[in-house]
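Here's the letter readout for the chains.
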Amino acid sequence: MGESLVNNFLLEKIHGLRIDKNILILAHNYMIPEVQDIADYVGDSLELSFQAADTSADIIIFCGVHFMAETAAILSPTKKVIIPDVNAGCPMADMITVPALQMLKSEHPNAKVVCYVNTSAAIKAESDICCTSANAVRVVESIKDTDEIIFVPDKFLGNYVSTKVKDKKFFLWQGFCPVHASILPEHILRVKYMHHDAKIIVHPECRPETIALADAVLSTGGMLKYAKETPAREFIVCTETGIIHRLKKENPRKEFYPAYHDAICPNMKRINLEKVLWAMEDKDSQILVPEDVASRARTAIERMLAIGRED
Ligand code: 13P
Ligand code: SF4
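One structure accompanies this document, and this report is about it. Given the structure is predicted, the values throughout are model-derived calculations rather than measurements. (Residues numbered from 1 in each chain as written. Chains lettered and ligands numbered in written order. Predicted model: local features only at pLDDT ≥ 70, side-chain atom pairs only at ≥ 80, totals over all residues. Heavy atoms only, no water.)

**Re helix 4 (residues 66-75)**
Phase 1 of the analysis: Within helix 4, 9 of the 10 residues are buried, which leaves it mostly tucked inside the rest of the structure.
Phase 2 of the analysis: For helix 4, the full list of buried residues reads Phe-67, Met-68, Ala-69, Glu-70, Thr-71, Ala-72, Ala-73, Ile-74 and Leu-75.
Phase 3 of the analysis: Residues of helix 4 that are buried in the fold lie against strand 1 (23-28), helix 3 (45-54), strand 3 (59-63), strand 4 (80-82), helix 6 (121-125) and helix 15 (291-307). (Buried < 20%, exposed > 50% of the residue type's maximum accessible area, 1.4 Å probe, protein only. Helix = DSSP H or I, 4+ residues; strand = E, 2+ residues; numbered from the N terminus. Contact = heavy atoms within 4.5 Å.)

Here it is as structure tokens:
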């Protein structure tokens, strides 16, 4: 079969099943274009958490990486949450373990633990409150009963937050995202040289020296909002390149240049239309979180959701 025939076949089957089985398809902003285009909702980690918490669907197909689907499963314990590829992980989330976090907590008994959403359920269960790149500053500002913060696992996001919240002492776990760490100032400057008027939008998972060049530091959802609302016509995008599809689709008269073409998250790219269809047909890749872990992780996530949507 030709490629477009195969795609039409897949699309028809996906459309039929989503109605028959009352399925909600969520997709992160880094998904490949075909997957974004069939999703009921495309968004950043925080927006997808809200969608998962609010849905009346019976099944959620979560097109993203494992910690995101796990967060959805924790927030919607009565739904089936299925990830189309169980091997779509996040290397940053794997850079911290429960015993290591427990050790850090015992070294700083007065500190509150803020975990980035890019963590396993077990790490969230050990944390006081969760955050995403969209609300990390506000989450830390909401902590009033101590001035000591253990921030895990992203040292770059933690460092960025520490530059905004001056009245707290931070103990940063030394994890990082290899994709965002690969975006360097020289990449940005090369593109800026060609496009002088372009606004530089940077994800807070980037290095401090990359963040230093930003016109705006934003979550992926924040980038989409900023691109729409600002009168600027050109943007240098410092995050995973998958977001460019949506940026272009929603702003057809504007130009978006990736700072670095190789800023591609291989885990996010594991999911394609075939895998989405298989996941819809067969519930084997359901995300299951043991209830004792889920209930403690839920407390940390719900504290974050109570704080709201954006910094
Ligand atoms: P956002 O929450 O900004 O979409 O980021 C998630 C992520 O994994 C970035 O690498
Ligand atoms: Fe993890 Fe980085 Fe991929 Fe986001 S882009 S899922 S932080 S590896």
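Still more ground to cover, so stick around.
**Observations regarding the site of ligand 1**
Phase 1 of the analysis: By nearness alone, every residue bordering ligand 1 is listed as His-28, Tyr-30, Asp-44, Ser-45, Met-68, Asn-118, Ser-133, His-180, His-203, Glu-205, Ser-219 and Thr-220.
Phase 2 of the analysis: One of the side-chain N or O atoms of His-28 is found 2.6 Å from an oxygen atom in ligand 1.
Phase 3 of the analysis: Within the side chain of Asn-118, an N or O atom sits 3.3 Å from an oxygen atom of ligand 1.
Phase 4 of the analysis: Here ligand 1 has 300 Å² of accessible area as a free molecule, and 96% of this is covered by the chains.
Phase 5 of the analysis: Cavity membership is defined here by more than half of the atoms lying within 2 Å of grid points; on that basis ligand 1 lies in the largest cavity.
Phase 6 of the analysis: Partitioned by chemical class, the residues of the shell around ligand 1 number 2 nonpolar, 8 polar and 2 charged. (Near = heavy atom within 4 Å. Polar contact = N/O pair within 3.5 Å; in protein donor to acceptor, adjacent residues only side chain to side chain. Areas by Shrake-Rupley, 256 points an atom, 1.4 Å probe, with all protein chains shown as cover. 1 Å grid on protein atoms, 1.4 Å probe; cavity = no way out; pocket = protein on both sides within 12 Å on 5 of 7 lines; lining within 4 Å. Sits in = over half its atoms within 2 Å of the grid points. Nonpolar A, V, L, I, M, F, W, Y, C, P; charged D, E, K, R; others polar.)

**What to know about the packing of aromatic side chains**
Phase 1 of the analysis: All told, the structure shown has 2 aromatic pairs when counted by the stated rule.
Phase 2 of the analysis: Measuring from ring centre to ring centre gives 5.1 Å for Phe-235 and Phe-256, while their planes differ by 15°; the resulting arrangement is stacked. Within this pair, whereas Phe-235 is found in strand 11 (residues 234-238), its partner Phe-256 is found in strand 12 (residues 255-258), the two being separated by 21 residues in sequence. Side by side, Phe-235 and Phe-256 carry an identical accessibility label, which is buried.
Phase 3 of the analysis: Following the ring pairs from residue to residue traces out a cluster consisting of Tyr-226, Phe-235 and Phe-256. (Phe/Tyr/Trp six-rings, centres within 6.5 Å; stacked < 30°, edge-to-face > 60°.)

**Remarks on the state of the cysteines**
Phase 1 of the analysis: All told, the structure shown has 0 disulfides when counted by the stated rule.
Phase 2 of the analysis: For Cys-63, which is in no disulfide, the shortest distance to another cysteine sulfur is to Cys-265 and amounts to 14 Å. (Disulfide = S-S within 2.5 Å.)

**Describing the site of ligand 2**
Phase 1 of the analysis: Surrounding ligand 2, one finds Tyr-30, Val-65, Cys-90, Pro-91, Met-92, Asn-118, Cys-177, His-180, Glu-205, Cys-265 and Met-268.
Phase 2 of the analysis: The pocket occupied by ligand 2, as judged from atoms lying within 2 Å of grid points, is the largest cavity.
Phase 3 of the analysis: Considering only residue class, the shell around ligand 2 consists of 8 nonpolar, 2 polar and 1 charged.

**Brief notes about the pairing of strand 3**
Phase 1 of the analysis: Counting buried residues along strand 3, 5 of its 5 residues qualify, which places the element largely inside the surrounding structure.
Phase 2 of the analysis: The two faces of strand 3 match: Ile-59, Ile-61 and Cys-63 on one face and Ile-60 and Phe-62 on the other face are all buried.
Phase 3 of the analysis: As paired strands, strand 1 and strand 3 are joined by 5 bridges and run parallel to one another. Across the sheet, the residue bridging to Ile-23 is Ile-59, located in strand 3.
Phase 4 of the analysis: Where strand 3 and strand 4 come together, 3 bridges link them in parallel fashion. By the bridge assignment for strand 4, Ile-59 is matched with Lys-80.
Phase 5 of the analysis: The handedness of the strand 3 to strand 4 crossover, carried by helix 4, is right-handed. (Pairing = 2+ DSSP bridges. Right-handed = clockwise from strand over helix to strand, strands pointing away.)

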